Amino acid sequence: MTVPFAIIAFLTLASAVAAMSLRNLVHCALTLMLTFAGLAALYLQLGAQFVGFAQILVYLGAVAILIVFAILLTRASEPPRRSRFSATWVVGVGIAAGVFGVLSGVILSSRAIAGVLRPPPDLTVRQIGDQLMGKYVLPLEVIGLLLTAALIGAAIIAMHEQRGSK
Amino acid sequence: MVETMDQIFVTLKHWLVGFAPGQCQPLFSAVLSVAAIILAFATLFAVTTLLERKGLGRIQNRYGPNRVGPCGILQPLADGVKALTKEDVIPDTADKVVHFIAPLVLVMPVLLALAVVPVGRNMAALDTDAGVLFFFAVGAATELSVFMAGWSSRNKYSLLGALRAIAQMISYEVPLILSAVTVIMAAGSLSAVRIVEAQSGYWGVIPNWYVLTPWGLAGFILFMVAATAESNRSPFDLPEGESELIAGYYTEYSGFKFALFFLGEYLGLFAVSGLGITLFLGGWHAPLPGLDWVPSWLWFFAKLLVIIAAFIWVRGTLPRLRMDQLMGLAWKFMLPMALVNIFVAGLWRFLPGGVGRWSVCSILVVGAYLLLGRLLAGRKQPGKRVYRYAE
């Protein structure tokens with residue numbers, strides 16, 4: 001474990017804990033952004049440039065703003081009076097621990113990490129682009145179509161509301 | 001001699017790095033690059049504020065700053081001292097921590113973005129394989145800073161300004177990135193250094209810059225308009241409208257934090273203009289074959305100053321847009337235009353070179369421009385102006 005990895009991992013985990021436990025929702029959102037940034041830094045440290053930059057572009061650029069707008073539009077950004085723990089937190093912790101146990105068990109028993117790890121291939125963005133435009137062009141197009149449909153749907157919902165209010 | 005002048009900063013850096021002990025050399029080299037970026041662009045920021053105030057004064061028929069130093073050239077220094085010594089007022093109800101962090105979150109990504117812009121031959125601080133993607137990725141963090149500043153101030157004008165700014169930045173990021181895609185398609189690379197290399201050479205005396213193709217010209221104009229909106233400059237300065245929002249999201253900032261916002265905004269302008277130069281104006285290449293003896297970094301900064309002059313000119317000339325006009329321009333005009341432009345750039349790539357390619361692509365770009373303009377203007381009949389509320 002190297003020093004940069006330790007710093008990044010600590011920041012990511014600490015901000016994730018803060019995102020769960022802070023009282024003010026906007027603070028939670030902002031610390032969650034720090035978690036996203038930490039994940040992006042981890043990808044970059046692993047040499048996955050494209051994934052890292054895409055993570056920053058999508059999560060810090062778009063998802064962050066979406067979350068923040070959703071908080072501002074749906075409820076007051078003041079901290080709630082209730083206790084910060086929900087009444088059923090024991091069940092939640094149990095389920096989380098169960099999921100963690102199953103996942104780590106599966107990963108540890110997997111054959112992929114049993115043998116000697118091969119050095120990662122030196123991937124460039126160009127190769128990713130070639131693959132996306134060649135071998136995986138159909139999934140790419142399907143996702144594009146799905147997103148366009150979602151966009152049109154959102155526009156229609158917004159238009160309908162506007163007409164009703166007049 | 002020519003070669004020495006061209007590479008003088010690179011040689012200087014290698015010479016300085018040589019003094020560091022072996023293991024520290026990569027770190028020391030990075031620190032030197034960062035220091036050079038901060039020094040060069042902060043100086044440019046000081047010069048630009050003076051030029052802007054002088055230029056706006058000239059346009060608005062007044063003198064501009066002329067008291068500090070000869071012809072007022074020491075004005076930026078006076079402004080800096082003023083910003084440093086002013087009291088730092090934080091509102092009582094403000095969210096102190098977020099209020100404090102917001103200006104830093106604005107300045108840091110902008111400095112990171114400047115790292116990938118090649119300011120001269122061998123002079124990109126960070127030459128990654130995905131440089132342009134890196135630029136847009138770190139640029140996305142500025143929206144978060146604007147929100148943090150607006151929300152933490154606990155001021156309705158700040159929040160309104162922040163929401164306006166975010167809506168505007170998200171809307172104009174789409175045409176900004178889509179107009180850059182054309183260049184990435186033509187150069188076949190996301191690396192800023194490769195893109196500049198792809199624009200080297202001359203056709204007779206005409207340089208091989210992408211701006212001198214039909215799609216490049218359309219892309220450059222779209223890119224610069226979107227860049228103006230991204231950096232919240234007039235005529236797209238609604239988020240900071242003094243008359244409507246008393247300066248928007250930085251109403252509650254004073255002293256050096258305000259200066260940091262100001263710095264971040266101008267550095268963002270330099271970064272996005274630098275990317276525009278890299279993508280469309282041939283980066284550090286000389287505009288004419290005979291002018292190669294001028295150092296490459298001088299060409300880059302000359303082009304940057306020309307673009308800044310154009311920005312000042314636009315700011316002094318055009319009135320501010322209305323919010324619905326702003327959104328309409330981004331989504332109804334610039335987005336379809338950028339998509340058509342991507343198609344034209346693809347066509348340019350596969351058609352055989354010659355007059356035929358030029359005319360087909362030009363007709364497509366101009367046709368799309370005229371058609372979109374007609375369609376958008378068609379419904380509105382200019383007539384007698386009706387005031388709904390004032391009468």
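Rules behind the numbers
- Within any chain, residue numbers begin from 1 and follow the written order of that chain's sequence.
- A letter from A marks each chain and a number from 1 marks each ligand, given out in the order of writing.
- In keeping with the model being predicted, local features are shown solely for residues with a pLDDT of at least 70 and side-chain atom pairs are shown and tallied solely at 80 or more, while totals for entire chains, interfaces and linings include all residues.
- Numbering of helices and strands starts at the N terminus; helices are DSSP runs of H or I of at least 4 residues and strands are runs of E of at least 2.
- Think of it as a crowd count around each C-beta: if 20 or more other C-beta atoms lie within 10 Å the residue is buried, if 12 or fewer it is exposed, and in between it is partly exposed, with C-beta placed from the backbone throughout.
- This entry defines residue contacts through backbone-placed C-beta atoms, with two residues in contact when those atoms are within 7 Å.
- For a compact globule the rule gives 2.2 Å times the number of residues to the power 0.38, and the radius of gyration it is set against comes from C-alpha atoms.
- Each residue receives one of three labels: charged for Asp, Glu, Lys and Arg, nonpolar for Ala, Val, Leu, Ile, Met, Phe, Trp, Tyr, Cys and Pro, and polar for the others, Gly being one of them.
- The term nonpolar core refers to a set of buried Ala, Val, Leu, Ile, Met, Phe, Trp, Tyr and Cys residues connected through C-beta atoms within 7 Å.
- Axes, fitted as lines to C-alpha atoms, cover a helix only where it is in contact. Angles between the N-to-C directions of the axes lie from 0 to 180 degrees.
- For classification purposes, an angle smaller than 35 degrees is called roughly parallel, one larger than 145 roughly antiparallel, one from 65 to 115 roughly perpendicular, and anything else oblique.
- Residue count minus one, scaled by 1.5 Å, sets the expected span of a helix.
- pLDDT is defined as a per-residue confidence score from the predictor, taking values between 0 and 100.

Enquirer: Help me understand the overall build of chain A, please; the structure alone is not making it clear to me.
Expert: Per the secondary structure count, chain A includes 6 helices and 0 strands. Order of helices (α) and strands (β) in chain A, N terminus to C terminus: α-α-α-α-α-α. Within chain A, the fraction of its 166 residues that count as buried is 14%. Within chain A, counting contacts between residues at least 6 apart in sequence, those at least 24 apart form 51% of the total.

Enquirer: Sorry if this is basic, but what is going on with the overall build of chain B here?
Expert: In terms of helices and strands, chain B carries 15 helices and 2 strands. Relative to the globule expectation of 21 Å for 391 residues, the C-alpha radius of gyration of chain B, 22 Å, shows essentially globular dimensions. In terms of overall dimensions, chain B has a C-alpha envelope of 65 × 60 × 40 Å along the principal axes. A buried classification covers 42% of the 391 residues belonging to chain B. Contacts in chain B between residues far apart in sequence, at least 24 positions, make up 77% of those at least 6 positions apart.

Enquirer: What exactly am I supposed to notice about the interface of chain A and chain B here?
Expert: By a widely used convention, the size of an interface equals the accessible area lost when the partners come together. Of the residues lining the interface, 15 residues belong to chain A; the matching set on chain B comes to 19 residues. For the side of chain A that touches chain B, the secondary-structure elements that each account for two or more residues are α2 (25–45) and α3 (49–74) of chain A. If you tally residues by element for the side of chain A that touches chain B, the top one is α3 of chain A, at 10 residues. Here the side of chain A that touches chain B is built from residues that sort into 12 nonpolar, 3 polar and no charged.

Enquirer: Can you walk me through the nonpolar core in this structure?
Expert: Nonpolar side chains tend toward joint burial in soluble globular proteins. Residues I56 and L60 of chain A together with L114 and A162 of chain B are the most contacted members of the largest nonpolar core, which totals 118 residues. For this core, the element with the most residues is helix α8 (residues 156–187) of chain B, which contributes 13 residues. When sequence neighbours within four positions are dropped, the list of residues in contact with L114 of chain B reads I37, F41, L267, F270, A271 and G274 of chain B.

Enquirer: How should I be thinking about the packing of helix α5 (residues 96–115) of chain B against helix α6 (residues 131–139) of chain B in this particular structure?
Expert: In a packed pair of helices, the relevant descriptors are the angle between the two axes and the axis-to-axis distance. All names here are of chain B. For the pair α5 and α6, the least separation of the axes is 9 Å and the interaxial angle reads 170°. By the angle between their axes, α5 is roughly antiparallel relative to α6. In contact with P109, L112 and A113 of α5, α6 contributes F135, V138 and G139. Within the contact of α5 with α6, the residues separate by chemical class into 5 nonpolar, 1 polar and no charged.

Enquirer: What is the right way to look at unusual backbone geometry in this model?
Expert: Apart from glycine, the bulk of residues carry a negative phi angle, and the bulk of peptide bonds sit in the trans form. We note that N61 of chain B has phi near 65°; this positive angle belongs to a residue other than glycine. With respect to the helices, strands and loops of the structure, N61 of chain B is situated in the loop between α3 (25–59) and α4 (75–85).

Enquirer: In this structure, what is going on with helix α7 (residues 141–152) of chain B? I would like to understand it.
Expert: Residues that lie three or four places apart on an α-helix share one face, since the helix turns once every 3.6 residues. Between the first and last C-alpha of α7 of chain B there are 17 Å, a value that for 12 residues agrees with the 16 Å anticipated at 1.5 Å per step. Of all the 12 residues making up α7 of chain B, 12 are buried; the element is thus mostly covered by neighbouring parts of the structure. Every buried residue of α7 of chain B is accounted for by A141, T142, E143, L144, S145, V146, F147, M148, A149, G150, W151 and S152 of chain B. Check the buried side of α7 of chain B and you find it contacts α2 and α3 of chain A together with α5, α6, α8 and α12 (255–280) of chain B. In the segment just after α7 of chain B, R154 of chain B is the residue with positive phi, at about 55°.

Enquirer: Can you walk me through the packing of α3 of chain B against α12 of chain B in this structure?
Expert: All names here are of chain B. Relative orientation of the contacting elements α3 and α12 amounts to 105°, with a least axis distance of 10 Å. Judged by the angle between their axes, α3 and α12 are roughly perpendicular. From α3, F41, L44, F45 and T48 reach across to α12, where they touch L263, Y266, L267 and F270.

Enquirer: Just checking my understanding: could you explain the confidence of the model for chain B for this structure?
Expert: Within chain B, residue pLDDT values average 83, and 96% of them lie at 70 or more. ipTM for the predicted complex: 0.76, alongside a pTM of 0.84.

Enquirer: Looking at this structure, I do not really get the environment of D92 of chain B. What am I missing?
Expert: When you line up the elements, D92 of chain B lands in the loop between α4 and α5. Each C-alpha atom, one on D92 of chain B and one on A259 of chain B, is 21 Å from the other, the two residues being 167 residues apart in sequence.

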